[in-house]
Amino acid sequence: MSDANQRLMTRKADVGDTLKAAIPDHGPLAEGEAVLAPDRFSLTTNNITYAAYGDAIGYWKVFPTGRDDYGMMPVWGFADVTQSRAEGVEVGARVFGYFPMADALVVQAEKITRGGFADASPWRKAVPDIYNRYVLCAADRHYDPALENSEALFRPLFITSYTAVDFLRDNGFFGAKRIVVSSASSKTAYGSAWCLKDDDVEVIALTGARNRAFVEGLGAYDAVHGYDDVEALPTDAPTLYLDLAGDPVLRRRVHAHFGERLTYDCLVGSTQSDNFTGADPELRGPKPVFFFAATCLDQHRERGTLHAFYERFLADQKTFFERVVDPASPWIRIVEHQGLDAAAGVVRALADGASDPAEGAVVRIAR
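Everything numeric in this text was worked out from a predicted model, so none of it was measured.

Q: What should I look at first to understand the pairing of strand 10 (residues 178–181) in this one?
A: Across a regular strand the side chains alternate sides, sitting on one face of the sheet and then on the other. Because side chains alternate across strand 10, one face comprises the buried residues Arg178 and Val180, and the other comprises Ile179 and Val181, equally buried. Examined bridge by bridge, strand 10 and strand 11 (residues 202–207) share 4 bridges and lie parallel to one another. Within strand 11, the residue paired with Val181 across the bridge is Ala205. Running through helix 4 (residues 187–195), the crossover from strand 10 to the neighbouring parallel element strand 11 is right-handed. For strand 10 and strand 13 (residues 239–243), the ladder comprises 4 bridges, and the chain directions are parallel. Bridge pairing in strand 13 links Val180 to Tyr241.

Structure, rendered in structure tokens:
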């Protein structure tokens, strides 16, 4: 792999600050290794979550940089195999999976099947197995080249929405009859609201003033309120907090307002804070519990129910995709950005909360 290949690193102290630099030369491939060249990937607030929890959960370890001050922000997307010494991983194959923002990635392929393979590089053990697997598109009956942008954008987000709602549903919503969703303009948030459409719970959106019109236009929530309205929310029913914002100040306000009516605090991700679920002496009520979709999927794998789960999930995901990109009333428009320099601008906007929720950002890497 040539050292002319570039990577876009993220400064850990400010996840919106990036640095483009050459990828160190890997040298000749060893037996079992392959080079994947990312072609297109999505950038959403989900990626900011990966960076915000880079140390707490281990995301910074997945694609090591050799530096303490900069890490690689992981992204989901498509790549092509450009070199291979791994039997069953052919040059020219198209794959979907987890990548750094870079021109190339060397993987140590293992668990190779007709449907895909995993990266066995030792640093990949920092995260659950689901993050380390690559799907061979030629063997994926759900793959459609025309839908790659939608797939890159929503597949990693909707699986979180879907598994989170499944988790809450399996636990009887912890006795709640109302769910308050923060960062309601995020794709994971309104994916969760869509999954809840047939459940006997009221779903209330919390969002900023800039995004309120967008959230109201989705029609996915029973009611939409601004962050300034927290103290005016109804408290006449047991309530669950589905926290996509991760803002500790907002969390305290929600807990203080609902008091004993708050039955559970499900922290799905953070777009505003790198404060993990540590103790907060000012917090009333239930301690926030971090929800990790990959752990649920690994549990399905251990129980032997993963195939059945995916069959149900993929059918529902297709219906969700159809709704999101419905030509008559699409929830988002997908915009392609060209190259790593453009990706840096998207990252900055996402980290600053300045991105347009009605726009889905996909980055293409020129060859």
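Still to come is the rest of the account.
Q: Help me understand the nonpolar core, please; the structure alone is not making it clear to me.
A: One broad rule of soluble globular proteins: the nonpolar side chains tend to lie buried together. Core analysis: the largest hydrophobic core is formed by 104 residues, its most contacted members being Leu43, Met101, Tyr131 and Tyr221. With 9 residues, helix 3 (residues 148–170) is the largest single contributor of residues to this core. Those residues within four positions of Tyr131 in sequence are excluded, and the remaining contacts are Tyr50, Tyr59, Trp76, Tyr98, Arg124, Phe292 and Ala294.

Q: Is there a simple way to think about the sheet that holds strand 14 (residues 262–267) in this case?
A: Where strands meet in a sheet, backbone hydrogen bonds hold them as pairs that are either parallel or antiparallel. In spatial order, the strands read 12-11-10-13-14-15; together these 6 strands make up an open sheet with parallel pairing. Each having just a single partner strand, strand 12 (223–226) and strand 15 (289–290) make up the two edges of the open sheet. Here strand 14 pairs with strand 15 via 2 bridges, running parallel. From the neighbouring strand, Leu267 faces strand 15, where its bridge partner is Phe290.

Q: I tried to follow the pattern of salt bridges on my own but got confused; where do I start?
A: Opposite charge on two side chains lets them pair, provided their charged atoms get close. One pass over the structure, following the stated rule, counts 36 salt bridges. Asp129 is the partner of Arg133 in a salt bridge, and the nearest nitrogen-oxygen pair spans 3.8 Å. Residue Arg133 is classed as partly exposed on the basis of its relative accessible area, which comes to 25%. Notably, a salt bridge pairs Glu202 with Arg178, separated by 2.8 Å at the nearest N-O pair. Pair noted here: Glu202 is in strand 11 and Arg178 is in strand 10, with a separation of 24 residues, a long-range link. A residue is classified by how much of its surface remains accessible, and Glu202, at 28% relative accessible area, is partly exposed. Since its relative accessible area comes to 6%, Arg178 is described here as buried. A single network of salt bridges, built from pairs that share partners, joins Asp39, Arg40, Asp80, Arg94, Glu148, Glu336 and Arg364.

Q: Which parts of the structure should I look at to understand unusual backbone geometry?
A: Trans peptide bonds make up most of the peptide bonds, and negative phi angles are found at most residues other than glycine. One non-glycine residue with positive phi stands out, namely Lys111, at about 50 degrees. Checked against the element boundaries, Lys111 lands in the loop between strand 7 (105–110) and strand 8 (116–119). Of note, Ser183 is a non-glycine position whose phi angle comes to about 50 degrees, a positive value. Mapped onto the fold, Ser183 is located in the loop between strand 10 and helix 4. What makes Ser183 buried here is its relative accessible area of 9%.

Q: Explain the packing of aromatic side chains here, please?
A: Centre-to-centre distance and the angle between the planes together describe a pair of aromatic rings. Evaluation of the coordinates by the stated rule reveals 35 aromatic pairs. Ring geometry for Tyr98 versus Tyr131: centroids 4.9 Å apart, planes at 55 degrees, classification tilted. On the criterion of sequence distance, the pair formed by Tyr98 in strand 6 (residues 94–99) and Tyr131 in the loop between strand 8 and strand 9 (133–136) is long-range, its members being 33 residues apart. Take Tyr98 and Tyr131: they sit in the same class, and that class is buried. With 5.5 Å between their ring centres and 25 degrees between their planes, Phe117 and Tyr134 make a pair best called stacked. Taken together, the residues Phe117 in strand 8 and Tyr134 in strand 9 connect sequence positions 17 residues apart. Both residues of the pair, Phe117 and Tyr134, belong to the buried class. One aromatic cluster is present, built from ring pairs that chain together Phe154, Phe158, Tyr162, Tyr190, Trp194, Phe214, Phe309, Tyr310, Phe313, Phe320, Phe321 and Trp331. It is Lys197 that lies over the ring of Trp194; its NZ or CZ is 3.7 Å from the centre.

Q: What is the right way to look at the side chain of Ser185 in this model?
A: For Ser185, the position within the fold is in the loop between strand 10 and helix 4. A relative accessible area of 12% places Ser185 in the buried class. There is a polar contact of 3.3 Å between the side chain of Ser185 and the side chain of Asn211. When residues no more than four places from it in sequence are discounted, the contact partners of Ser185 are Tyr190, Thr207, Asn211, Phe214, Val215 and Pro357.

The rules behind each value
- Residues numbered from 1 in each chain as written.
- Predicted model: local features only at pLDDT ≥ 70, side-chain atom pairs only at ≥ 80, totals over all residues.
- Heavy atoms only, no water.
- Buried < 20%, exposed > 50% of the residue type's maximum accessible area, 1.4 Å probe, protein only.
- Helix = DSSP H or I, 4+ residues; strand = E, 2+ residues; numbered from the N terminus.
- Pairing = 2+ DSSP bridges.
- Right-handed = clockwise from strand over helix to strand, strands pointing away.
- Core = buried A, V, L, I, M, F, W, Y, C linked by side-chain atoms within 4.5 Å.
- Contact = heavy atoms within 4.5 Å.
- Salt bridge = Lys/Arg side-chain N within 4 Å of Asp/Glu carboxyl O.
- Phe/Tyr/Trp six-rings, centres within 6.5 Å; stacked < 30°, edge-to-face > 60°.
- Lys NZ or Arg CZ within 6 Å of the ring centre and 35° of its normal.
- Polar contact = N/O pair within 3.5 Å; in protein donor to acceptor, adjacent residues only side chain to side chain.

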